Amino acid sequence: MMESQDKISCALVVLFKKLIFQKGCDYKMNRKPTKAMKTRSLRAFLIFCVALLVMIGNLFWIQIIKGEEFRLKAERNQLSDTVIAANRGTIYDSNMKVIAQSASAWLVYINPSKVETDEQKKLLIDGFVKIFELDEETVTKKVNRKESGYEKIIGQIDNKKKEELQQYIKDNKDSKIGSIIGIDPDTKRYYPLGTFASTIIGFTGSEDIGRSGLELKYNDTLTGESGRIITAKNARNGKMPNDYETIYDAQQGYSLVLTIDEVIQYYLEQQLVQAVSETQAKYAYGIVMDVKTGAILGMSTMPDYDLNSPYKVSSNSVLEQIKEIEDEKERQQAETNALYSQWRNRTITDTYEPGSVFKLFVGAAALEEGIMTVDTTYNCSGTIRVANYNQNCFNHKAHGTQTVFEAMPNSCNTFFITMGQKLGKETFSKYFQAFGFTETTGIDLPSEAKPVAGKTYYDVPNMGIAELSSASFGQTFQVTPIQMITAVASLGNGGKLMRPYVVSKVLDEEGNIISETEPFVKRQVISEKTADIMKDVMEQVCVWGTAKNAYVAGYHIAGKTGTSEKIGANAKDENVASFAGFAPANNPQIAVFIALDEPQYYATGGSGAAPVAGRIFENILAYLNIDPEYTDEEFAQATVTAPNLIGESTDTVKSKATGFTVKIVGDGETVISQMPASSQSMPKGGVIVVYTEENAEKQTATVPELTGLTLTEANRTAINAGFNIKVAGNTQGSGKMLSYKQSVPTGTVAETGYVITVYFRSDEVISD
Amino acid sequence: MAAKSNTKKKNGFINSMFAKGSIDVPFFIILMTIVTVGLIMLFSSSYTYSYYNRGSSTEIFTRQLIYAVIGIVAMFLVSRIRYEYFRLIALIGVPVSYLLLVLVLFLPDSVQPGFYRWIDLKVITFQPSEIAKIGLILILAFLLEKNHKAITGKVPSEMTLCKKIDQYSKGRFVIYKSFTSVIIYGMLILSFAVLVYLENHLSGALLMLAIGVVMLWLGEAKGRWFAIGGALVVVAAIVLIANPEILKEYAGERITSWLDKDSDPLGVRWQTNNSLYAIGSGGFLGTGLGQSKQKHLFVSEPQNDFIFSIICEELGFVGATAIILLFAALIYRGIKIGMNAKDRFGALLAMGIVFQVGIQVALNIGVVTDLLPNTGISLPFFSYGGTSLVILLAEMGMVLSISRSSSRRE
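Residues numbered from 1 in each chain as written. Chains lettered and ligands numbered in written order. Predicted model: local features only at pLDDT ≥ 70, side-chain atom pairs only at ≥ 80, totals over all residues.

### Notes on the overall build of chain A
At step 1: Across its full length, chain A carries 23 helices and 31 strands.
At step 2: When each of the 768 residues of chain A is scored for burial, the buried share is 44%.
At step 3: Looking at chain A alone, contacts between residues at least 24 apart form 72% of all its contacts between residues at least 6 apart. (Helix = DSSP H or I, 4+ residues; strand = E, 2+ residues; numbered from the N terminus. Buried ≥ 20, exposed ≤ 12 C-beta atoms within 10 Å, placed from the backbone. Contact = placed C-beta atoms within 7 Å.)

Quick look at the structure:
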């Protein structure tokens, strides 16, 4: 069998051999693989195995010994690590109005190593200089950094600039500069209210880091955690399918809700600006505080600056002064100084001599220690001998025999020097410390000035009778405005010294409360009883004393003024005029501090600072819906005409109608009609209903019973129901005035805001 | 038995073409393991490239899988043919190889501009050098068997020129057949290598030479040839390394870049550097199957010549070594099959084929690990290439066919 098959195959081979070699088939020849061949094949395999061993050895070298090195090199190649900027948290006022906000912006960078031609270089430099107004030299340097793969050109640019750049790239498509330029998301801080509360809020610098104010103090809270996208990029630098992407989400920074109330802050700033222009003071400071909690409702230093352009000197007069400096270096220095100066929150960072306002604490201490009572009298001759010199009252005026109820309104120096001396330096210092003048208040704002014993005030060992006497009327030491208002507020708060604060809540991205500031009582400084006496004393100061300019009709205002001489080389004959107080005196809610630094006109606390405080009290108390308690006399004088609110935007309408209760109806943006109409006479603090939509349904209410009431009662009833009253009849007579008639009958449905005429007469029997 | 013999007798000639006996099981198992691992690794390494260049991440793998199936079928069919009939192919193979190798030089360089290695049949493309390789092995196996005596013995050459020399030198210069035949085979090998080199395929040409040398070695050409040849290779290598510009531009710069590891990292060195990054990233145990990062277009065409670097990255030192050992086992088993072959043709053919695989493996890994200059040699059974895989598997079929006859004889 085998042979036959072999023969067949052999026959074929024979055929081919015959065809090609013309030879016969050597069938019998031994064709088995020879031994030599076997040996050779094994030798060849051995060589092959050696080669393979070399390969394996080499692999061991690359993978095990040098593995880490190569792996790192590979990773550098593979990973594209993009930082996702975390949005900085928002800052809201107490009514959740946005004060500071981060919005997405863009960052432009280039990859200089990809720059190939001079044409590209020129296009890049020209483009950046033109679009972003950058310094040509700096840009050129970056473009020429051939070995670098990343050079940031500019950050925080808005969408418009970004689109401009994209258009530029498109216009120069042929040069392929698009592959060199990269645009990444970035964030930018916006302050929609501009200068609003600028010295509190502060601003952010490059890299979104807080530079001053709350932005600095709460930088860590506001700063989110930037995320990263680690993409395994491929060699074409393309994004890879999602599986290879690790995203660490950016965590938005926490938001701050401030105790600052936009409206109160607005009133405060408005009045301080006015005060600066009226008194030509160098600076004006103001703080509004919640007496019961220590929460700061408003805080300002004027002149301030626009948070959106912090590096611009805001004061025109300062700017002109700087421009006049000829020496370049000096000019730059002056500009820097001016900038640092305008960023200062002087209510926190600066100290001043408190002057007569401090008498409040001497009085409180004397009452508390029992050194005097409300009945203790002292006879002021206008001058007092202290050690070896005479200390006088203002203008050497002799105030005569007074209790504290007269001495305080008179701001009698001799009275309080005597009280201070009676207290003695130990007790004086004890109260000085107790009211918080030897420590920082601990407010959550940066750079609070820290009192230093022996420097900003005299401590017990260094205090002589002269120092004690001067200190008793507020000279020889310095305090910060925030210390002063905190201490004054304690008098209105039953003797409890609070820790002031600006941030009430910290919110996360979803609005969940992360933390909430609880009012913190530092200590009970004086008894509630003493505090009550002080409230009455302070009210008298505002009724007929040095602070009478702070009086607001219908309200009980308590306060004290001070005028102090500035001490120091630069302060020749310059004053600080200040006022500190709270209202309503019978139930204190807000404390106000006003100081004018170097006022040129109205340069005393009573003439300069008190009226500012008065206007602020008036606005804020109305805004806080604290009912005025007019005397009837006051009320009759309080009839005003309705302001014209048509055309006002809903944002500003309330500030335009200060002193009125404004009800906005509809969702429109501007006021279309109002009730009562403009210039119609109506009560101060009355209701004005404004409509912001065409064809809006008129608001109506039922007219209440308004007869048989006093003026104040009738007014309150009407306002509560949504109406205004117009007083008619006898309101000026003696006896009790009661209403007896109303123009619209009780129970009628009338349009809200309507002015109802109410007629009054005296209940006194007119005997004729 | 009688009945069986009868049927065989009946079928006569056709029946005689079929190889009887069983295939060599270890060889088959090793082979199928390599093919399977090869397919898996091809999928893993190719899908990014495939996704970006073919639109579908599985396209390259699917194509290779289809060819693998075709190849395995072809392998079984070939293994059924009695290997004696491969002599016939050996004779036809030479003119066919020449024809294709010349033809490809005149076809457009559509697959890779500047490189005339592929014949593009639209449906498939293939490299004539792949066919030429097996063609060379076959014809050398045929000739070395047939002229065994002439090569090993001391028989004077019968060529006219040699006789004349003998005559004029009065018997002082006897030129033996062992000399002339090696010269003739050498010319044959060189002609193949030169044609491949003309395709701009230096590595293919070198591979061709290497195959020829191994065949001559196995065919028992005198040892001194190899001593002389080895010396020549060393000289040539030194000359080339010293003056790479002698070679065609692309080949020259690859040698330059192999010598200067820091040169042109984004150009010529890119591929090798990224290959090293991939291998290094693998460490001892690898990043895990499918976890290579370097395959994401860093290692250019990771499914082709550089697939081994992705294997190293994903399977680590352990996996890479295992694959190298698998190849070693395959080759050893192939040599065993050759040793047990019925005749020297079978032996030379089986050994030639497995050594061809071995040389390719060694050259490929050498390139990928930067031991050798970057040439274009694929890793058998792993690298992407359908026709190449089919031809390789068919060659394995030949080895299996030889194993059938030896098992039967035993």
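Next comes the rest of the write-up.
### Here's the deal with the sheet that holds strand β19 (residues 558-565) of chain A
All names here are of chain A.
At step 1: Pairing in this open sheet of five strands is antiparallel, and the strands run β10-β9-β21-β20-β19 from one edge to the other. Either end of the sheet is taken by a strand with one partner, and the two such strands are β10 (296-302) and β19. For this sheet the average axis-to-axis angle between neighbouring strands, irrespective of direction, equals 10 degrees.
At step 2: In terms of strand pairing, strand β9 (residues 283-290) meets strand β21 (residues 590-597) through eight bridges, oriented antiparallel. Across the sheet, Y283 pairs through a bridge with D597, a residue of β21. (Pairing = 2+ DSSP bridges. Axes fitted to C-alpha atoms, helices over the stretch in contact; angles between N-to-C directions.)

### Let's talk about helix α17 (residues 465-472) of chain A
Residues and elements named next belong to chain A.
At step 1: Among the residues of α17, those classed as buried are L468, S469, S470, A471 and S472.
At step 2: On its buried face, α17 is in contact with α14 (359-368), β12 (383-386), β13 (389-392) and α16 (413-434).
At step 3: One or two residues past the end of α17 sits G474, with phi positive at roughly 90 degrees.

### Notes on the packing of helix α5 (residues 128-146) of chain B against helix α8 (residues 177-198) of chain B
All names here are of chain B.
At step 1: One can describe the packing of α5 onto α8 by two numbers: an axis separation of 11 Å at closest approach and a directional angle of 180 degrees. As summarised for this structure, α5 and α8 are arranged roughly antiparallel, according to the angle between their axes. Note on element contacts: α8 touches α5 through Y185, I189, F192 and V196, opposite S129, A132, L136, L140 and L143.
At step 2: Split by residue class, the contact of α5 with α8 holds eight nonpolar, one polar and no charged. (Parallel < 35°, antiparallel > 145°, perpendicular 65-115°, else oblique. Nonpolar A, V, L, I, M, F, W, Y, C, P; charged D, E, K, R; others polar.)

### Quick word on the nonpolar core
At step 1: Judged by nonpolar contacts, the single largest core of 135 residues is most densely connected at M289 and F617 of chain A.
At step 2: Those residues in contact with F617 of chain A that sit more than four places away from it in its chain are A550, V552, Y555, I557, A583 and V592 of chain A.
At step 3: Listed in part, the 119 residues of the second largest apolar core include L42, L138, I359 and I377 of chain B. (Core = buried A, V, L, I, M, F, W, Y, C linked by C-beta atoms within 7 Å.)

### Regarding the environment of P373 of chain B
Residues and elements named next belong to chain B.
At step 1: You can see P373 is positioned in the loop between α14 (344-368) and α15 (386-409).
At step 2: Separated by 118 residues in sequence, P373 and I255 have C-alpha atoms that sit 5.3 Å apart.
At step 3: Each residue touching P373, except ones within four places of it in the same chain, is listed here: R254, I255 and W258.

### Re the sheet that holds strand β26 (residues 687-691) of chain A
All names here are of chain A.
At step 1: Strand order in the open sheet made by the three strands is β23-β26-β24, with mixed pairing throughout. Every interior strand has two partners, whereas the edge strands, β23 (661-665) and β24 (673-675), have only one. Taken over all neighbouring pairs, the strand axes of this sheet differ in orientation by 20 degrees on average, direction set aside.
At step 2: With three bridges joining them, β24 and β26 adopt antiparallel strand pairing. Counted as the bridge partner of Q674 is V690 from β26.

### A closer look at the pairing of β21 of chain A
Residue and element names in this part refer to chain A.
At step 1: The buried count for β21 comes to eight of eight residues, which makes it a mostly enclosed element.
At step 2: The alternating pattern of β21 places I590, V592, I594 and L596 and A591, F593, A595 and D597 on opposite faces, both of which are buried.
At step 3: Bridge count for strand β20 (residues 575-583) against β21 is eight bridges, and the pairing is antiparallel. Bridging across to β21, V576 finds its partner in D597.
At step 4: Linking β20 back to β21 in an antiparallel pair, the connection comprises six residues.

### Overview of the environment of A609 of chain A
At step 1: On the secondary structure map, A609 of chain A appears in helix α20 (residues 605-623).
At step 2: Aside from chain neighbours lying at most four places away, what touches A609 of chain A is T561, A577, S578, F579, I594, A595 and L596 of chain A.

### Some remarks on the environment of A407 of chain A
All names here are of chain A.
At step 1: When you line up the elements, A407 lands in helix α15 (residues 404-410).
At step 2: Look at A407 and you get buried, because 28 C-beta atoms sit within 10 Å.
At step 3: Between the C-alpha atoms of A407 and T377, which are 30 residues apart in sequence, the distance is 9.2 Å.
At step 4: Residues in contact with A407, not counting those within four places in the same chain, are Y378, H399, Q402, C412 and F415.

### Thoughts on unusual backbone geometry
All names here are of chain A.
At step 1: Cis geometry marks the peptide bond from A583 to P584, where omega comes out at -20 degrees.
At step 2: On the secondary structure map, P584 appears in the loop between β20 and β21.
At step 3: Here M675 and P676 are connected by a cis peptide whose omega angle stands at -5 degrees.
At step 4: With respect to the secondary-structure elements, P676 resides in the loop between β24 and β25 (681-683).
At step 5: Backbone geometry places E598, a non-glycine residue, at a positive phi of 55 degrees.

### Points about helix α2 (residues 25-54) of chain B
Residues and elements named next belong to chain B.
At step 1: Helix length check: α2, at 30 residues, gives a terminal C-alpha distance of 38 Å against a target of 44 Å (1.5 Å per residue), a shortfall beyond 12%.
At step 2: Remark: the principal bend of α2, roughly 50 degrees, maps to S46.
At step 3: Within two residues after α2, G55 carries a phi angle of roughly 85 degrees, on the positive side. (Expected span 1.5 Å × (residues − 1). Bend = angle between axes of the 7 residues up to and from the residue.)

### Looking at the packing of α16 of chain A against α17 of chain A
All names here are of chain A.
At step 1: Running from N to C, α16 and α17 point in directions that differ by 120 degrees, and their axes come no closer than 8 Å. It follows from the interaxial angle that α16 and α17 lie oblique. α17 is crossed by α16, and the crossing has right-handed handedness. Contacts between α16 and α17 pair F416, I417, M419, G420, Q421, K425 and F428 from the former with L468, S469, A471 and S472 from the latter.
At step 2: By residue class, the composition of the contact of α16 with α17 is six nonpolar, four polar and one charged. (Left-handed = near helix turned anticlockwise from the far one by under 90°.)

### Looking at the confidence of the model for chain A
At step 1: Looking at chain A, the pLDDT average stands at 83 and 88% of residues meet or exceed 70.
At step 2: Every residue in residues 19-28 of chain A scores below 50 in pLDDT, and together they form seven contacts with partners more than four places removed in sequence or on other chains. (pLDDT = per-residue confidence, 0-100.)

### Focus on the confidence of the model for chain B
At step 1: A residue-level look at chain B finds 90% of positions with pLDDT of 70 or above and a mean pLDDT of 84.
At step 2: Per-residue pLDDT stays below 50 along residues 1-10 of chain B; that stretch engages in three contacts with residues further than four places along the chain or on separate chains.

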